[in-house]
Amino acid sequence: MNKEEASQEISSLSQKINYYNDLYYQKDTSEISDFEFDKLLERLIELEKAFPELKQDDSPSQRVGGTITKNFETVNHRYPMLSLGNTYSKEDLEEFDKRVAKGLGDEPYEYFCELKFDGVALSLTYENGKLVRGVTRGDGSRGDDITNNIRTIRTVPLSLKNDTYPDFFEVRGEAFLPKEMFLKLNKEREEQGEELYANARNTASGSLKMQDSSMVAKRKLDCYLYSMIGEDIGVATHEEAILKLQSLNFNISPTFKKCKDINEVLAYIAEWETKRLDLPLDTDGIVIKVNSIHQQNKLGFTAKSPRWAIAYKYKTEAAVTLLRDITYQVGRTGAITPVAELQPVLLAGTTVKRASLHNANEIERLDIRVGDMVFVEKGGEIIPKVTHVDVSKRKSDSKPLEYITHCPECGTELVRKESEAKHYCPNKNGCPPQISGRIEHFISRRAMNIDSLGIETINILIKAQYLRNYSDLYELWRYSEELVGIEISEKSYIKEHEQPLCINLDKSLFGALNNSKVTSNQIEGLLRNLNIIELGDLLALRESQDLLPLSNKQRLDLLSFIRFLNSNKALINTNNGLSISIIFKYLFNLSQLEFEIIDSISKHCSSIYDLFKNLKVENSEIFNSLNRDLEDKSLALSIQKLKNTTLQEKSIKTMIDGIELSKEQPFEKVLFALGIPFIGETSAKLITKRFSNIDSLMNADRDQLLDIDGVGEIMADSVLSFFRDNENRAIINSLKANGLNFSSSSEESTISNVLSGMKILTSGTLEGYKRDEFIKLVESHGGEYVKSVSKKLSFIVAGEDMGPSKRAKAEKDGIKIISESEFLELINN
Ligand code: IVH
């Protein structure tokens, strides 16, 4: 293809792509499939690569990024980016209105209202219809030039369609990460065991500062524009400017409204107070602007903000509640997240019981202590956050919280790397939530896709020591017979295999309850009925002589409570006051004699399970009477449910068949399933494209990994350290032995065997291949790519600029040097 033909095809492809883009992003329709669209884009990128001089700045290929900017250039804003004054009440707004009226003398005026978008402020400059620069707000007078990243935002026009625009103008607006994309991104991060992003705004801001614009493109940012600035833009009102921007294809939120007076403004505020929650992005208020540009100029600016506009901020919904406890969650990667356990409180329509405290720094920053009254807010965050403590309500003897030093799940001493905010439990192979988290990830739909067993079964199989890691899944068939009858419900009444563990009864009950996935509703119900908030209160009841008999409902609830304690491997510690016998007294209306017998037996028991065993043996009469009680209809029903929750032959077969089927999953899924920190679905795909089997990946060095487009330092180091770990290597060997796919399917990767047994290296830049493409090529013809010059080399493929010293060394060692075209000839014959 000659240059002229290429130029024609590039321009026709660009036109088509722009047309489809426009249809998709502006009109929400599509005339071709995603696949066809991608093909057009791929072809365009291919041609632009072959003819770089033909690539236009406004080419739609810019949308997929591909540029790396190490340091963004700081540039001066032609017009400073000011901020707005804030108001929070009707009175403030009326004051603003009075100031406007006064400033304009007797002139009539009107307002234009918009929502206040909570994103990242941007300024975009268009010259002769083309986007030439995109800059962040920075300090208002200077910002960062992030043009290449902004070009990846699909709704930002790279060039303007019709010719009704001024030669030079600036548009301003807010870039944002749509809520939906934010949730999706966080879900992916959760699945990969990575720390979640706190809110969409910060994520958008971080995304726009990424060095690799192709990574920015993947974030699918969007942008709403809300002002047009220039010397002579030919509009008399802000409304006209907005409509003009709309006609030029800029993305304008359709939420604006012209208001004839401040009362209409107030109505607009009321209208959007809740409606705004359904918008695709977070908003934190509205912006009220004087509509006439002439009047705007007349009113002018203060040093910081315009006199013709103001922001009205909606109140962030906040509530005050009691911090009952701080518990600690252990994630799949061992990361510890402290959680505030709150007295339930109504906030923005939902009951809030828990809030994330992120890490030890956050606890220190808030100086938050159990027993404090705390303020919780629900802003752009998905989980409510504790903003501050009401120190005035704090008891004088309260002490600063001491962060845990040992894992709450397995007792191992926690570690904290210098550069990281989180503490980690290093016991990755012995800490139950880490093991179950990894197995859960392994079987998930996007990894090994084993849907024949769920997390409950996994937990039971871990406790019963059938599973220690995901490779044990493939050994389960050996135990098919043994597994029959194993209880798969966490709510099990008695579990023989359990080692009792001590619950600290001084802690608030809710802290303990929240570790349970199953029973908190019932317990809450019970405690509400009994007016009991903490175990201390329950103990106080013990003192009271005047005990009312419990209703059946209450007994059932209490029974759940016992089950909860039992399923949490709880030892009801008699020394601590709350004895099993007391619970039994409530539960079964025991006579004083019965109570005393149980009380004395329970003193020698370490768990409820123990007690049952002893009751059975030592006092069958009491046990029978308990059983009679259990026959009470509602109790019997719930016991029957428990009986239904054991593994049976049929379910075991289904489970094992599902596991067997997963062996068909391709290498990229297996690699993702391994759960290497920071290696998500996409990076696993990229890695398996470059390394067609696990052995070459396990032997790869840092540079080879970094060579892969889309793999950065953190990922490369994570891969290296994962494969360095002996335990991981052993697990991989066992998975291999069980027949999982650890190489890309042969049809895909093997083209010929002409290079079989050869060790090959390239030096210098090749014309047709990047290094990783070349390595792939060598491997697809059966050869092995090696990293350094040695006598074992079959030959070196020399690029144009192979260094003279390397050449001299190779020649001295008698290694053959061939050219790129000779190499191609070799493999093509
Ligand atoms: S007009 C002189 N309109 O709020 C500033 N700003 O505190 C005129 N913002 O930096 C800005 N939504 O980032 C305007 N509809 C809207 C807005 C908006 C959000 C942001 C903007 C600005 C900040 C002002």
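I will try to describe carefully the structure that is included in this document. Note that residues are indexed from 1 along each chain, following the sequence as it is written. With the structure being a predicted model, the display of local features is reserved for residues of pLDDT at least 70 and the display and counting of side-chain atom pairs for 80 or more, all residues being used for whole-chain, interface and lining totals. Think of the side-chain values as coming from all heavy atoms in the structure, minus any hydrogens and water.

With that settled, consider the sheet that holds strand β15 (residues 373-377). Strands are treated as partners if at least two bridges between them are detected by DSSP. Numbered from the N terminus, helices here are DSSP runs of H or I no shorter than four residues, and strands are runs of E no shorter than two. Pairing is antiparallel across the open sheet formed by 5 strands, whose spatial order is β14-β13-β12-β15-β16. Two strands bound the open sheet, and with one partner strand each, they are β14 (350-356) and β16 (385-389). The sheet shows a mean angle of 45 degrees between the axes of neighbouring strands, direction not considered. By the bridge criterion, 4 bridges tie β15 to β16 in an arrangement that is antiparallel. Orientation is described by lines fitted to C-alpha atoms, with helices fitted over the stretch in contact, and by angles between N-to-C directions that extend from 0 to 180 degrees.

Moving on to the site of the ligand. If a single non-hydrogen atom of a residue is within 4 Å of a molecule or strand, that residue counts as near it. Around the ligand, a shell composed of 14 residues is seen, among which E114, L115, F117, E174 and Y226 lie nearest. The contact in question runs from an oxygen atom of the ligand to an N or O atom on the backbone of L84, over 3.1 Å. N or O atoms closer than or at 3.5 Å make up a polar contact, with two conditions inside protein: a donor-capable atom paired with an acceptor-capable one, and, for residues adjacent in sequence, both atoms drawn from side chains. For the ligand, an oxygen atom lies 3.2 Å from a polar atom in the side chain of Y226. Here the accessible surface of atoms and residues is derived via Shrake-Rupley with a 1.4 Å probe, and residues count as covered only by protein chains that are part of the display. The protein chains hide 87% of the 510 Å² of surface that the ligand would expose on its own. Put simply, the parts of the chain that give the shell around the ligand at least two residues each are β3 (111-117) and β10 (283-290).

Turning our attention to the pairing of strand β19 (residues 759-763). Burial here depends on accessible area, computed with a 1.4 Å probe over protein chains only, as a share of the maximum for the residue type. Under 20% is buried, over 50% is exposed, and the range in between is partly exposed. Where burial is concerned, most of β19 is hidden: 4 out of the 5 residues are buried. Where β19 lies against strand β20 (residues 784-785), 2 bridges are found, and the strand directions are parallel. The partner of I760 across the bridge, within β20, is Y785. For β19 and strand β21 (residues 795-798), the ladder comprises 4 bridges, and the chain directions are parallel. Bridge assignment links L761 to a residue of β21, and that residue is I796.

Another point: the nonpolar core. Counting 54 residues, the largest nonpolar core has F442, L473, L671 and F723 as its most contacted members. Those elements that place two or more of their residues in this core are α12 (432-443), α13 (455-463), α24 (649-661), α25 (667-673), α26 (681-690), α27 (694-698), α29 (713-724) and α30 (726-737). The dominant element in this core, judged by the number of residues it contributes, is α29, at 6 residues. Leaving out residues up to four positions away in the same chain, L473 has contacts with I439, F442, I443, I450, L453, L467 and I659. By convention a nonpolar core is built from buried Ala, Val, Leu, Ile, Met, Phe, Trp, Tyr and Cys residues, the set being connected through side-chain atoms within 4.5 Å. Of all hydrophobic cores here, the second largest spans 38 residues; its members include L124, L158, M210 and V216. Throughout, a residue-residue contact means that at least one pair of heavy atoms, one from each residue, lies within 4.5 Å.

The next thing to look at is the pairing of strand β8 (residues 222-229). Taken residue by residue, a regular strand's side chains alternate between the two faces of the sheet. For β8, the buried fraction is high: 7 of the 8 residues fall into the buried class. Bridge analysis of strand β7 (residues 168-176) against β8 gives 7 bridges, and the strand direction is antiparallel. Considered in β8, the bridge of V171 is made with M228.

Our focus in this paragraph is the sheet that holds strand β4 (residues 120-127). Taken in spatial order, the 4 strands line up as β5-β4-β7-β8 in an open sheet, and their pairing is antiparallel. The open sheet has two free edges, formed respectively by β5 (130-136) and β8, since each of these has just one partner strand. Averaged over all neighbouring strand pairs, the angle between strand axes comes to 30 degrees, with direction disregarded. The pairing of β4 with β5 spans 6 bridges and is classified as antiparallel. For E127, the partnering residue across the bridge sits in β5 and is K130. Contacting β4 and β7, helix α6 (residues 200-208) crosses the sheet at an angle of about 40 degrees to β4.

The next subject is the packing of aromatic side chains. Whether two aromatic rings pair depends on their centres lying within 6.5 Å, for rings of Phe, Tyr and Trp, where Trp uses its six-membered ring; planes under 30 degrees apart make the pair stacked, over 60 edge-to-face, and the rest tilted. Going through the model one piece at a time under the given rule, you end up with 22 aromatic pairs. Pairing F722 with F723 gives two aromatic rings, centres 5.4 Å apart and planes at 85 degrees, and the pair type is edge-to-face. A relative accessible area of 9% means that F722 is categorised as buried. Between the aromatic rings of F774 and F823, the centroid separation amounts to 5.0 Å while the plane-to-plane angle is 50 degrees, which identifies the pairing as tilted. With F774 in helix α32 (residues 771-780) and F823 in helix α34 (residues 820-828), this pair connects stretches of sequence that are 49 residues apart.

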